[in-house]
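What follows is the residue order along each chain.
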Amino acid sequence: MGGVNAAKRGLTPQEYRLEVQALVPPLPVVRLPLAMCRGLVLAEDVTAGVSLPPFDNSAMDGYAVRASDVVSATAENPVRLPVADDIPAGRTDVAPLAPGTSQRIMTGAPLPEGADAIIQVELTDGGTENVRIDASVLPRTHVRFVGEDVSSGDVILRAGTVLHPPQLGLAAAVGLAGLPVRRPPRVLVLSTGSELVPPGDPLPPGHIYESNSVLLAAAIEEIGGKAVVLRSVPDDVATFRAVVAEHVGEADLLITSGGVSAGAYEVVKDALSDQGVEFVQVAMQPGGPQGRGSFEGLSVVALPGNPVSAALSFELFLRPALLSAMGHSRTDRPRARARATAAMTSPPGRVQYRRGRHDAGHVEVVPVGGPGSHLLASFAASNCLIEIPVGVAEVAAGDEVDLVLLD
């Protein structure tokens, strides 16, 4: 960890990000049903046990023919062939196609031996005993050949692939019921503060509704993690430790919010600072006070209590750490540059993250709200963060700024 010297000078956001990432090592590999794999990362190469298609079959509703039998067919001079059989999808006792005949066939049905093309039904009169064919076809027309897409034994999905619907559909198509993936992280979320009231309850004077756990749990679930929200606890060290100790063996990580600053009644700091968690200042605004370490073997990241500080800290530190642990190779939000439409100031010695709204082409960005860490409505109305680096005290309207894109 950064240690005393780092705490005195303040860690840079980049330094602190690496320290948080070290707390969340790669998650174990588990095999999950396909329905539970969306958004997760494949842990091992996957090979096909069958070919796709597994047999030659029709790509159209129509008639299986020998192309040589209809080579002269036109609308003005059609060819007529007897219909020797019907082949619905799923039929397995398909007779060979005799020369000079056709077989009516449905999409996906197996191609009869001897046939080399399909005449789509729209180019015929749809006959059931005899069929009039109004056009010629080349061999292989509208036929899906065995192994055309995938051959048995092919690697169809590589380790590190993020599993979206097409990849899951492919796995199902070759008969796989589940896949080896990095297990989703199990994350405990705990907010602290005697002033907090659950949403929906009456709000007494001097109290506020607890929102951080809702925000953080949603952010965890959005990237494929599993959030367990613990009841918020008052500013009491014994109560805090008891609640956390009860759940230590259930999760990969504990995220707390609140109780990490330098004032009195900082319950997280008081409860954990001598238990393996170190509290530091990160040279950023908002979100300067932070904590990280472990409690009884459980990794802990302690976030500030103001909602924008908590949300921003998750974006900068926890989101990339959790994505990396899940096996993602891309853990950063996209970035862009745009012209600021209004002037902004930034404090010395710190990276400032202002909330903003950029246009579709990232040409301009409008600052939304002020720099305050309590302005949650401004954060909710934003689609990017405006990053003002250390050493830049003022940004003028029209200046180019760096953006972290949230949409």
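Residues numbered from 1 in each chain as written. Predicted model: local features only at pLDDT ≥ 70, side-chain atom pairs only at ≥ 80, totals over all residues. Heavy atoms only, no water.

Let us now look at the layout of surface pockets. Considered as a void within the structure, the largest pocket measures approximately 650 Å³ in volume. In terms of lining residues, the largest pocket is bounded by 27 residues, among which R38, G39, L40, I223 and G224 are the most central. Residue assignment for the lining of the largest pocket shows that the elements contributing at least two residues are β1 (29-33), α4 (212-222) and α7 (307-325). Split into classes, the residues belonging to the lining of the largest pocket amount to 10 nonpolar, eight polar and nine charged. (1 Å grid on protein atoms, 1.4 Å probe; cavity = no way out; pocket = protein on both sides within 12 Å on 5 of 7 lines; lining within 4 Å. Points joined across faces, edges and corners; volume = space filled by probe spheres on them. Helix = DSSP H or I, 4+ residues; strand = E, 2+ residues; numbered from the N terminus. Nonpolar A, V, L, I, M, F, W, Y, C, P; charged D, E, K, R; others polar.)

We now examine the sheet that holds strand β20 (residues 298-303). Taken together, six strands build an open sheet; the order of strands is β15-β12-β16-β20-β19-β17 and the sheet is mixed. The outermost strands of the open sheet, each flanked by one partner alone, are β15 (226-229) and β17 (277-281). On average, each strand axis in the sheet is inclined to that of its neighbour by 20°, with strand direction left out of account. The sheet contact formed by β17 and strand β19 (residues 289-295) spans five bridges and is antiparallel. (Pairing = 2+ DSSP bridges. Axes fitted to C-alpha atoms, helices over the stretch in contact; angles between N-to-C directions.)

We now examine the pattern of salt bridges. Evaluation of the coordinates by the stated rule reveals 15 salt bridges. Taking the shortest distance from any N to any O, the salt bridge between R292 and E19 comes out at 2.3 Å. Taken together, the residues R292 in strand β19 and E19 in helix α2 (residues 13-22) connect sequence positions 273 residues apart. A single burial state applies to R292 and to E19, both of which are buried. Note that R104 is salt-bridged to D86, the shortest N-O span being 2.8 Å. Highlighted residues: R104 in strand β6 (residues 102-105) and D86 in strand β5 (residues 79-87), separated in sequence by 18 residues. Accessibility expressed as a relative area gives 31% for D86, which makes it partly exposed. Through salt bridges with shared partners, a single ionic network connects E19, E278 and R292. (Salt bridge = Lys/Arg side-chain N within 4 Å of Asp/Glu carboxyl O. Buried < 20%, exposed > 50% of the residue type's maximum accessible area, 1.4 Å probe, protein only.)

Mapped onto the elements, G153 comes out in the loop between β9 (143-144) and β10 (155-157). On a C-alpha basis, the gap between G153 and T47 in space is 5.6 Å, while along the polypeptide they are 106 residues apart. If near-sequence neighbours (up to four positions away) are discounted, G153 is found in contact with T47 and A48. (Contact = heavy atoms within 4.5 Å.)

Let us look at the side chain of S346. Along the chain, S346 turns up in the loop between β22 (344-345) and β23 (351-358). Those residues in contact with S346 that sit more than four places away from it in its chain are Q352, I388, V392 and A393.

Further remarks concern the packing of aromatic side chains. Under the defined criterion, the tally for this structure stands at one aromatic pair. Judged by centre distance (4.9 Å) and plane angle (85°), the rings of Y16 and F317 are edge-to-face. Separated by 301 residues along the polypeptide, Y16 in helix α2 and F317 in helix α7 bring together distant segments of the chain. The exposure class assigned to Y16 is buried, which follows from its relative accessible area of 0%. Here the basic side chain of R140 rests over the ring of F145, its NZ or CZ set 4.0 Å away from the ring centre. (Phe/Tyr/Trp six-rings, centres within 6.5 Å; stacked < 30°, edge-to-face > 60°. Lys NZ or Arg CZ within 6 Å of the ring centre and 35° of its normal.)

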